[in-house]
Amino acid sequence: MIDESLIRRLKASKKVAVLTGAGVSAESGVPTFRGEEGMWKKFKPEELANFDAFMRNPDMVWEWYEHRKDLMSKVKPNAGHYAMAKMEKLFPVFTLITQNIDNLHRIAGSENILELHGNIRRNFCINCKKQYNDEHLTLGGGKVPKCSCGGMIRPDVVWFGEMLPGSILESAFKAAETCDFFLSLGTSAVVYPAAMLPVAAKKAGAVLLEINPETTPLTQSTDYYIKAKTGEVLPQIVEAIIK
Ligand code: BJW
Ligand code: ZN
């Protein structure tokens, strides 16, 4: 059962902002980084997802991304993604801020999306910055592709130590600081600056809801915490606000 006061307060909201993390795509078969089922139990994310690792061993890092590109091209949105696309239509202002690079929110039909950490289908040359989408590359060889200028091509995602896209981050903070209701979904809330968004929303007066089967450093600051999978709970929340 979902708390009645949560539904009442969400229903009364005009501006809603949502932050999603890897947990939202877990039920689609995309492994998370951390947590019980985290794929990075063997590797520390900070060691693989950074520019120095790419420069030291470009083929290894590229092969890891090729593997994930392949996986992410095959998976489908789950009930949580679809519920968020439905939710977007129910509020005058709805901003979906995602740390995920897998494109599943867009495939599910969400429109106002801010991708904080890039998108795995895009790539660019580290030398001349020319953009290459996956369809412009031959994937599967385990070797880092080269640009026409000779430079190495990397995925257009944000690695540790790199700045997030400035205008996207700015829009995300604006959405967080001006919303009435903020949802933090399927994120361990340990990676900055994304982890600051729910805190900024709460500080600016928003109601804060977290949904995650495991508690996070954010949990103690929330108004509502639902210990569950997003694919199970979000459709119930949408049903309850439509009723
Ligand atoms: C479910 C579920 C289900 C499971 N339903 N839930 C301030 C303080 C301390 C450190 C820093 C700071 N500011 C900056 C830093 C450094 C660093 C950082 O945050 N480090 C911390 C780890 C300590 N941040 C950065 O470097 C960022 N850049 C930056 O700040 O630039 C300015 C700067 C530069 C130089 C110096 C200082 C400042 C960049 C961060 C980039 C993160 N990139 C990655 C990789 C992207 C590409 C790729 O995918 O390969 O982004 S790392 C990885 O973590 C990925 C994710 O988007 C991100 C967050 O992970 P997420 O989504 O939360 O996933 P998990 O796996 O952690 O959690 C999943 C959750 O789901 C779990 O809680 C489960 O329980 C739950 N779950 N099933 C609902 N069914
Ligand atoms: Zn180039």
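Here's what I pulled together on the structure shown here. All values derive from a computational prediction rather than experimental measurement. (Residues numbered from 1 in each chain as written. Chains lettered and ligands numbered in written order. Predicted model: local features only at pLDDT ≥ 70, side-chain atom pairs only at ≥ 80, totals over all residues. Heavy atoms only, no water.)

1. Overview of the sheet that holds strand β8 (residues 207–211)
Next, step 1: One open sheet holds the six strands; their spatial order is β3-β2-β1-β7-β8-β9, and the pairing between them is parallel. Each having just a single partner strand, β3 (113–115) and β9 (224–226) make up the two edges of the open sheet. Direction aside, the axes of adjacent strands within the sheet are offset by 15° on average.
Next, step 2: Looking at chain direction, β8 and β9 are connected through three bridges and run parallel. Note on β9: the bridge partner recorded for Leu-209 is Tyr-224. (Pairing = 2+ DSSP bridges. Helix = DSSP H or I, 4+ residues; strand = E, 2+ residues; numbered from the N terminus. Axes fitted to C-alpha atoms, helices over the stretch in contact; angles between N-to-C directions.)

2. Digging into the site of ligand 1
Next, step 1: Taken together, 34 residues sit near ligand 1, with Arg-34, Tyr-65, Glu-162, Thr-187 and Ser-188 positioned nearest.
Next, step 2: A distance of 3.2 Å is found between an oxygen atom of ligand 1 and a backbone nitrogen or oxygen belonging to Gly-186.
Next, step 3: With respect to ligand 1, the side chain of Thr-187 contributes an N or O atom lying 2.7 Å from an oxygen atom.
Next, step 4: Calculation on ligand 1 without its partners gives an accessible area of 1,500 Å², and the protein chains cover 78% of this total.
Next, step 5: For the shell around ligand 1, the secondary structure elements donating two or more residues are α2 (23–26) and α5 (58–74).
Next, step 6: Residues that form the shell around ligand 1 fall into these classes: 16 nonpolar, 11 polar and seven charged.
Next, step 7: The two domains that each donate at least three residues to the shell around ligand 1 are domain 1 (4–30 + 77–117 + 164–242) and domain 2 (38–74 + 123–157). (Near = heavy atom within 4 Å. Polar contact = N/O pair within 3.5 Å; in protein donor to acceptor, adjacent residues only side chain to side chain. Areas by Shrake-Rupley, 256 points an atom, 1.4 Å probe, with all protein chains shown as cover. Nonpolar A, V, L, I, M, F, W, Y, C, P; charged D, E, K, R; others polar. Domains from an automatic or database assignment.)

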